[in-house]
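Understanding the architecture of this molecule
One letter stands for each residue in the lines below.
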Amino acid sequence: QVQLVESGGGLVQPGGSQRLSCAASGIIVSMYTMAWHRQAPGKQRELVATIFRDDSTNYANSVKARFTISRDNAKNTVYLQMNSLKPEDTALYYCNAVYGTYSTWGQGTQVTVSS
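So, here is what we can say about the structure in this document. All values reported here derive from a predicted model rather than from experimental measurement. (Residues numbered from 1 in each chain as written. Predicted model: local features only at pLDDT ≥ 70, side-chain atom pairs only at ≥ 80, totals over all residues. Heavy atoms only, no water.)

Details of the overall build of the chain
For the chain, the count of helices and strands is zero helices and eleven strands. Relative to the 2.2 N^0.38 estimate, which gives 13 Å for 115 residues, the radius of gyration of the chain is 13 Å and therefore close to what a compact globule would have. Seen through its principal axes, the chain has C-alpha atoms that stretch 40 × 25 × 25 Å. Burial status across the chain gives 43% buried among its 115 residues. Once local pairs closer than 6 in sequence are excluded, the contacts in the chain between residues at least 24 apart make up 52%. Roughly 6100 Å² of accessible area belongs to the chain as shown, and the carbon and sulfur atoms make up 48% of that amount. Treating the 10 positive side-chain charges of the chain as one cloud and the 7 negative ones as another, the clouds have centres 2 Å apart. (Helix = DSSP H or I, 4+ residues; strand = E, 2+ residues; numbered from the N terminus. Rg over C-alpha atoms; globule rule 2.2 N^0.38 Å. Buried < 20%, exposed > 50% of the residue type's maximum accessible area, 1.4 Å probe, protein only. Contact = heavy atoms within 4.5 Å. Areas by Shrake-Rupley, 256 points an atom, 1.4 Å probe, with all protein chains shown as cover. Lys, Arg positive; Asp, Glu negative; His and termini not counted. Charge placed at Lys NZ, Arg CZ, Asp CG, Glu CD.)

Take a look at the structure:
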């Protein structure tokens, strides 16, 4: 059974940092395109960051130079390091694994940026 479990969300002050984790079971993350998406209240889900099988990465313009996606193959876990957080980064963050036409999602972890 495939499962993606996100963790690391919470309340953080503007300018602060947070690291999200996505622990996978039932798949090998190094064989998949792994991504983080987010959805703020009243807004569409947005692709934030992607790491491909060849370890190349891609980021939304809104998070470039602030967020870093990475993968620990030994732990079968994908991370999203978020720095210089802004109130507009507040959202439910989802982990997503894609292989061809197959796609699976985690349940999400809430990140709230507020003073």
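Description of the sheet that holds strand E7 (residues 67-72)
Strands sit in the order E1-E3-E8-E7 across an open sheet of four strands; the sheet is antiparallel. Of all strands in the sheet, those with a lone pairing partner are strand E1 (3-7) and E7, marking the two edges. The average angle at which neighbouring strand axes cross in this sheet is 15°, direction not considered. Strand direction decides the pairing type here: E1 and strand E3 (residues 18-25), joined by five bridges, are antiparallel. (Pairing = 2+ DSSP bridges. Axes fitted to C-alpha atoms, helices over the stretch in contact; angles between N-to-C directions.)

Regarding the nonpolar core
Residues Met 34, Trp 36, Leu 80 and Tyr 93 are the most contacted members of the largest nonpolar core, which totals 29 residues. Of all the secondary structure elements, the ones that give two or more residues to this core are E3, strand E4 (33-39), strand E5 (46-51), E7, strand E8 (77-82), strand E9 (91-99) and strand E11 (109-113). With residues up to four places along the chain from it excluded, the contact list for Tyr 93 reads Glu 6, Leu 20, Trp 36, His 37, Arg 38, Val 48, Phe 67, Leu 80, Met 82, Gly 108, Thr 109 and Val 111. (Core = buried A, V, L, I, M, F, W, Y, C linked by side-chain atoms within 4.5 Å.)

The values are spatial; any link to function lies outside them.
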